[in-house]
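The residues making up each chain are set out below.
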Amino acid sequence: MRCEGEGELDRGCALHTAHRDGLSSVSSQDVPERPRAVFHTSESDPAKHTEQHEGRLYNIPLEELSAVFPHGLPHRFQQQIKTFNEARVMVRKPALELLAYLKGSNFSHPAVRYVICILQLEGGMERNSAHLWVKNCKELLQSSYNKDRLDQPLQASVWLKNFKASNERFLQEGLARVRSASDAVGVLLKELKQQSHRGSFRLLVAVDGVNALWGRTTLRKENKSPVCPEELTLVHNLRKMVKNDWSGGAIVTTLSQTGSLFKPSSAYTPQELLGKEGFDTLDPFVPIPVPNYSQREFESCYGYYLERRWLQHEKARTEDGKAELQFLSGSNPQQLERLAGPL
């Protein structure tokens, strides 16, 4: 969640990570080296990205990663950063579409909800997402504010620390007293909505795996009965934040198959992942589909892997090898990364 000054709603999209299979023996001439300008851009401010930057990679300074992504990054992307000693992110059409919407927003109107939908069946970006609040929680305490709800002090404390990393000047309480951290999150979120509504700042509510806020959890009470999401103080408060009953900002969410506990692996549409209650709560929203790589994006990612010597196999550096990588991956970002890794 980010609080920004007037007119500052930003930050881009991602080069995803994931699967593997072999590359058969092929032969052709080597792919000619291309200038960096073909797949890089020196414009590192996502707010200034336009269609001319689409498919190109921009750099996030390593010293800024902890502030830009306080919840952490996917393990495979972290490994890539260590290997390449840089954090490159691709400018993709869905990010440009979202940024255009945000720039054109009338913030005096109720907050608009955007739902980023990944069209291909794959794991997606993993961070400290909402789904982590509904499974594998080691400590549940009865809420001191409402006896019908359950607090998750450790998760709440982590959230507050991450919020501080991005918005230190807005954080007032909760870090020192872990036991009351869940209530502190609720108080903080309420204050943010009120201040944003008054025009004190622009508020961006970003929820990864928003579908985890509805459905089932893996958590159990002391009597072994299941915990419903609405019984969790953190989930209760976050559900309030995705209501569009406030102004002065926007709500950006993603759908995650990981967050859909007990849903079939084939589920990927908003209706399937959110369920009726979740879909009805978020409706109306603006869907932003994230497709596989376009030809331009594939060429850019492939060129970057060549530049960083990530593709070592001699056949992978040929035109036929490139074509086979595209065929085997289906231009899926995660599949391509996993295929390229061992080559």
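Please read all numbers here as calculations on a predicted model, not as lab measurements. (Residues numbered from 1 in each chain as written. Predicted model: local features only at pLDDT ≥ 70, side-chain atom pairs only at ≥ 80, totals over all residues. Heavy atoms only, no water.)

J.: For this particular structure, what's the right way to read the side chain of Lys 322?
T.: When you line up the elements, Lys 322 lands in helix α9 (residues 319-329). Accessibility expressed as a relative area gives 11% for Lys 322, which makes it buried. Excluding its chain neighbours within four sequence positions, the residues that come into contact with Lys 322 are Phe 298, Glu 299, Tyr 302 and Ala 316. (Helix = DSSP H or I, 4+ residues; strand = E, 2+ residues; numbered from the N terminus. Buried < 20%, exposed > 50% of the residue type's maximum accessible area, 1.4 Å probe, protein only. Contact = heavy atoms within 4.5 Å.)

J.: Any chance you could explain the environment of Tyr 114 here in plain terms?
T.: For Tyr 114, the location among the structural elements is in strand β4 (residues 112-118). C-alpha separation for the pair Tyr 114 and Thr 254, spaced 140 residues apart in sequence, amounts to 8.3 Å. Setting aside its immediate chain neighbours within four residues, Tyr 114 contacts Leu 98, Tyr 101, Leu 102, Ser 105, Ala 250, Ile 251, Val 252, Thr 253, Val 286 and Ile 288.

J.: Honestly, the nonpolar core in this entry has me stumped. Any pointers?
T.: One recurring pattern in soluble globular proteins: nonpolar side chains tend to sit buried together. Residues Trp 159, Val 210 and Leu 282 are the most contacted members of the largest nonpolar core, which totals 41 residues. Those elements that provide at least two residues to this core are β4, α4 (153-167), α5 (181-197), β7 (202-207), α6 (233-241) and α7 (270-282). No other element matches the six residues that α5 contributes to this core. Apart from residues lying up to four places away in sequence, Val 210 is in contact with Val 242, Thr 253, Thr 254, Leu 255, Leu 274 and Leu 282. Formed by 18 residues, the second largest nonpolar core is a distinct cluster that contains Leu 306, Leu 311, Ala 316 and Leu 336. (Core = buried A, V, L, I, M, F, W, Y, C linked by side-chain atoms within 4.5 Å.)

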